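# Breakdown of the fold
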Amino acid sequence: MTQAELRLCSLLLQEHFGEIVEKVGNSLLRTGPRPLRLLVGDTGLLPDQVKKALCVLIQHNLVRYEVQPRGSVEYEARSERILRILRYPRYIYTAKTLYGDPGELLVEELLLHGHLPMSCAVARVADRLTETMEDGKTMDYTEVSGTFVRLADTHFIQRCPMVPESPRSAKAPPPPAPTLAIAEKDMYVVPRLSLVGKGKRRHSCDEEEEGKHKAKRQKQEGGSSETPLDDGIYWQVNLERFHQHFRDQALVSAVASRMDQTSSEVVRTMLRMSEVTTASGAPHTQPLSSNEIFRSLPAGYNIGKQVLDQYLALLADDPLEFVGKSGDSGGGTYTVSILWGGTRTCRAPPSPFPHPSLIPLLLHRFGSRCARIFRLLLRKKHLEQKQVEDFAMIPAKEAKDMLYRMLSENLVSLQEIPKTPDHAPSRTFYLYTVNVMAAARMLLHRCYKSVANLMERRQHEMRENKRLLEKSQRVEAILASMQATGAEAAQLHEVEEMITGPERQQLETLKRNVNKIDASENQVDETIFVLESFIESTTKRP
Amino acid sequence: MAGRGRGRGRGQMTFNVEAVGIGKGDALPPPTLQPSPLFPALERRAAPLPGGEEGEYMLALKQELRRAMRGLPYFVKPGAPRRDIERYSDKYQLSSPVDSAIDWNPDWRRLPRELKIRVRRLRKGRTAPLFAKQHVALDKEETIKKLESLEKKEEEVTSEEEEEKEEEEEGKEEEEEEYDEEEHEEETDYVLSYFDNGESFGPDSDDNGDEAVY
């Protein structure tokens, strides 16, 4: 946990869950797993506040707990999960592109609430969709639950680990915390519920629901079991699957930019066929025969079988090795190499695919010539100063300058190769090289720092203009109420005049700045995703 | 021998600088004597942000999410600070965030037992539990529940909590303070929001209270 990560986690928790949760999260992140009473002492908050904060964090899977052998329960914060909060808009947008509005709202509800039972999620989404529909129309539960089942089938949502069912004898005291577990095969099984109903408009529905739940619970006391049918079965968003999807998207677009649209379609088909059969850490997909690929191509592409074979051969021969040929049965079996890094080291490893696309983009800050030098060093691994100048075709002085700048930023490093045992400087080679992993980590650290800075700046901007924002909100509320009660245009105009011209401009500027900062945060998060995936996949490789 | 060579000649380094490319007589940049500036000047403009429909939609989503999360019960606000003197109007104030209430219903079976919050009453200053009234109050509560259609959140949670307390073993040490607020709130005929505790009237609360009042 670097300082930058800690700071970013703090800011995210504070922005989305408030100060109290931020303090508790901070304490857990900085000092590691600890039991409740130490947390209370550390943060200086009231015990009830700390308990509430922990409930919220556990609900959202940001903190996990473990029963220690001594009987106390220790809580541990999951920093990588906290950082995912940045990516929520991307998950929701992806769900929208894949499954439309019900899918989008389902994923949004699950992300907002951490985990929900299916009946609850479907009801909420139906209500929200009904709100947006015209008067008189309602959204039926069946459509929403259909989308839910599709999401579960493609593994985008999964079941949460469940409370163990085993009945305990009355004598044995119940454990201080339940050990939640779930079998792999049960994770995507949707319970057989027949959810009938329609969405309701907002005003009374929430209260009625609450009332109904209360009524149910009271009846429970009375002895009759009126619990909802999927009691105890909670669903959460499967972030790994979304990451897999993003990675597939990046692969397809890389193929498209390197070759043409059709080959990218072929790769996309292959990836789609192996969506659920590929384990998350696998270096490549299951082998697919070209007959299967031909059958699964989308309807719009009428390419013949031979053409498909030619494309597959082309892809397999490509030095970047997106697709590998793994056998000849069924017209040739092919796999897609989804590892971010290089391939098996027995063959001469070509340059791994994200680097040519990503890091020179980041070197935009230094200039395109620096990017050229960097790419050169990536390709050739070790080069002397003179060789760099020659290969990059850049005059010596400029090349020197750029190399030193990159060296000072730790993007390139010097490797000494002594000719003599005494390492005399005049008889040693000094080679420039790029340490890819170190550079990637450094860039990732920078990304975290930039997002944290962006968030702080945005909060600063909002704080500075707080008075103005509140005033504009009040005016809008007045306008809305006046319009609802039917006021004349002159009165509305008068109310609008309450915000003067310069103030309006100030508001405009503020809005523009905040939008820009938000968009930048989204952009940096994309970079963070690529870098994190790369680092994760390369460290896993044996 | 140790001191020799130090300070002699500009920029002496342990390795042969020619190999790295610094030729003899080349002007090296002056030594930096201060930490790098906080906001270094940008040499070239940053690339424009990707716009387009996707970017705009995600931007709107992001701001929407932020706004929505503030309104959810998961956004834990600190409880209202205790006032110095207990005032009569306190029991008629609309509910402010309470430290010891949890606004949503987690599935307590999935959480460690120690995290369960016993909801305390919002009776500021009232500490002694009134055990005698417990049974009477509970009976009353059953009937009250059936009569009231719109319940406030605290009341719901607390009534739930009390039923759960019925089920649990009696060995719990935590005191159960009585929930009289419900009774009191029903006994009045006044609409709560009309109650003005009169604090804002009078010279005490004004800033210019030291001016003479004519």
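What comes next concerns the included structure. Here the structure is a predicted model, which is why all the values come from computation and not from measurement.

Along the polypeptide, Gln59 of chain A turns up in helix H4 (residues 47-59). For Gln59 of chain A, the side chain forms a polar contact with the main-chain oxygen of His115 of chain A, separated by 3.3 Å. Excluding anything up to four places from it in sequence, Gln59 of chain A contacts His113, Gly114 and His115 of chain A together with Tyr74 and Trp104 of chain B.

So, about helix H19 (residues 466-484) of chain A. All names here are of chain A. With 19 residues, H19 should reach 27 Å at 1.5 Å per residue; the first-to-last C-alpha distance of 27 Å fits that figure. Restricting attention to buried positions, one finds in H19 the residues Leu468, Lys471, Ser472, Val475, Leu479 and Met482. Relative to the axis of H19, the buried residues are bounded by an arc of 95° and lie together on one face. The outward face of H19, more than 90 degrees from its buried face, is lined by the exposed residues Gln473, Arg474, Glu476 and Ala484. Within two residues after H19, Gly486 carries a phi angle of roughly 75°, on the positive side.

Residues and elements named next belong to chain A. Inspection of the entire model under this criterion finds 26 salt bridges over all chains. Arg369 serves as the salt-bridge partner of Glu398, at 2.0 Å between the closest nitrogen and oxygen. Taken together, the residues span a long stretch of sequence, with Glu398 in helix H17 (residues 396-408) and Arg369 in helix H15 (residues 368-380) at a distance of 29 residues. By relative accessible area, which is 34% here, Glu398 ends up partly exposed. On the accessibility criterion, Arg369 (33% relative accessible area) is partly exposed. Ionic pairing is found between Arg427 and Asp422, a salt bridge with its closest N-O pair at 3.8 Å. By relative accessible area, Arg427 is classed as partly exposed at 38%. Judged by its relative accessible area of 51%, Asp422 is exposed.

With that settled, consider unusual backbone geometry. Although it is not a glycine, His155 of chain A adopts a positive phi angle of roughly 70°. Assignment of secondary structure puts His155 of chain A in the loop between helix H8 (141-153) and strand E5 (157-159).

This brings us to the pairing of strand E12 (residues 428-433) of chain A. Residues and elements named next belong to chain A. Burial within E12 is extensive, with five of its six residues counted as buried. Note: strand E10 (residues 382-384) against E12, three bridges, orientation antiparallel. Following the sheet pairing, His382 is matched in E12 by Thr433. The pairing of strand E11 (residues 413-418) with E12 spans six bridges and is antiparallel. Within the sheet, the bridge partner assigned to Ile417 lies in E12 and is Phe429.

Criteria and thresholds
Residues numbered from 1 in each chain as written. Chains lettered and ligands numbered in written order. Predicted model: local features only at pLDDT ≥ 70, side-chain atom pairs only at ≥ 80, totals over all residues. Heavy atoms only, no water. Helix = DSSP H or I, 4+ residues; strand = E, 2+ residues; numbered from the N terminus. Polar contact = N/O pair within 3.5 Å; in protein donor to acceptor, adjacent residues only side chain to side chain. Contact = heavy atoms within 4.5 Å. Expected span 1.5 Å × (residues − 1). Buried < 20%, exposed > 50% of the residue type's maximum accessible area, 1.4 Å probe, protein only. Arc of directions from axis to C-beta. Salt bridge = Lys/Arg side-chain N within 4 Å of Asp/Glu carboxyl O. Pairing = 2+ DSSP bridges.

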